[in-house]
Amino acid sequence: MQKEGEVSLWLGIFNDEETFRKFMEIKYTDDGDSIPSKFKKQFKIDYYDIDFSEIDYMEEKSSDLQVLLEGFSNDYEIIPRLNEKYNGGMYNSIVLLYDFEYQYNGDNYKDGDNELEFIGCVGYSS
């Protein structure tokens, strides 16, 4: 759900960048209508503003939230807040939706070795 000043975080592990990018890809019909990504379908997200989202795939996996989120918008502010919700784990795929408060329903994504889990939402200065 759109909510100014909130950011929602997902972390995952994907075998390769192409698989992760395909999971996140929003396609369009010839008429210009959007076809939801696997990400949107999996997490039952109707809409988020793609201009207020950041995704990244890292070749090297890390369990350090500082390493995973360094360089993202508002990293200095959101890393300490997300640390309280973070339980560790090795990850290489990151999804941040800004001005979006995800209503977690217990679902995460797993397909073979590829996984994506919702970590949490925190406030930030928009």
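Rules of the game
- Residues numbered from 1 in each chain as written.
- Predicted model: local features only at pLDDT ≥ 70, side-chain atom pairs only at ≥ 80, totals over all residues.
- Heavy atoms only, no water.
- Buried < 20%, exposed > 50% of the residue type's maximum accessible area, 1.4 Å probe, protein only.
- Helix = DSSP H or I, 4+ residues; strand = E, 2+ residues; numbered from the N terminus.
- Arc of directions from axis to C-beta.
- Contact = heavy atoms within 4.5 Å.
- Polar contact = N/O pair within 3.5 Å; in protein donor to acceptor, adjacent residues only side chain to side chain.
- Phe/Tyr/Trp six-rings, centres within 6.5 Å; stacked < 30°, edge-to-face > 60°.
- Lys, Arg positive; Asp, Glu negative; His and termini not counted.
- Salt bridge = Lys/Arg side-chain N within 4 Å of Asp/Glu carboxyl O.

Colleague: Lay out helix α1 (residues 17-24) with the relevant residues and their values.
Modeller: Within the sequence span of α1, burial applies to Phe20, Phe23 and Met24. Viewed along the axis of α1, the buried residues span an arc of 95°, placing them on a single side of the element. Among the structural elements, α2 (38-42), β4 (53-62), β5 (91-100), β6 (109-111) and β7 (114-123) are those in contact with the buried residues of α1. Of the residues that open α1, the one with a side-chain oxygen 3.2 Å from the backbone nitrogen of Glu18 is Asp16.

Colleague: How would you summarise the packing of aromatic side chains if you had to cite specific residues and measurements?
Modeller: Counted by the stated rule, this structure contains 17 aromatic pairs. A centroid spacing of 6.0 Å and a plane angle of 80° characterise the contact between Phe43 and Tyr102, whose relative ring orientation is edge-to-face. Residue Phe43 is located in the loop between α2 and β4, and its partner Tyr102 is located in the loop between β5 and β6; the two are separated by 59 residues in the primary sequence. We classify Phe43 as buried; its relative accessible area is 1%. A centroid spacing of 6.3 Å and a plane angle of 50° characterise the contact between Tyr86 and Tyr91, whose relative ring orientation is tilted.

Colleague: Hey, could you go over unusual backbone geometry for me, with residue numbers and the actual values?
Modeller: Positive phi outside glycine occurs at Asn74, with the angle close to 60°. Note on placement: Asn74 falls in the loop between α3 (65-69) and α4 (75-83). Notably, Asp99 is not glycine yet its phi reads approximately 55°, a positive angle. For Asp99, the position within the fold is in strand β5. When its relative accessible area of 15% is taken as the criterion, Asp99 is described as buried.

Colleague: Before we move on, can you summarise the side chain of Glu6 with the specific residues and values?
Modeller: When you line up the elements, Glu6 lands in strand β1 (residues 2-13). The buried charged residue Glu6 lacks any salt bridge, with Lys3 as its nearest oppositely charged partner at 4.7 Å. Each residue touching Glu6, except ones within four places of it in the same chain, is listed here: Leu97, Tyr98, Asp99, Phe100, Glu101, Cys121, Val122, Gly123 and Tyr124.

Colleague: Just give me the short version of the environment of Leu11, but keep the residues and values in it.
Modeller: With respect to the secondary-structure elements, Leu11 resides in strand β1. Sequence-distant contacts of Leu11, defined by excluding residues within four places in its chain, comprise Leu65, Leu68, Tyr86, Tyr91, Ser93, Ile94, Leu116, Glu117 and Ile119.

Colleague: So, the pattern of salt bridges: which residues are in play, and what are the values?
Modeller: Under the defined criterion, the tally for this structure stands at 6 salt bridges. For Lys3, the salt bridge goes to Glu101, with nearest N and O atoms at 3.7 Å. Pair noted here: Lys3 is in strand β1 and Glu101 is in the loop between β5 and β6, with a separation of 98 residues, a long-range link. Across the pair Glu115 and Lys110 runs a salt bridge, and its minimum N-O distance is 3.1 Å. Judged by its relative accessible area of 31%, Glu115 is partly exposed.

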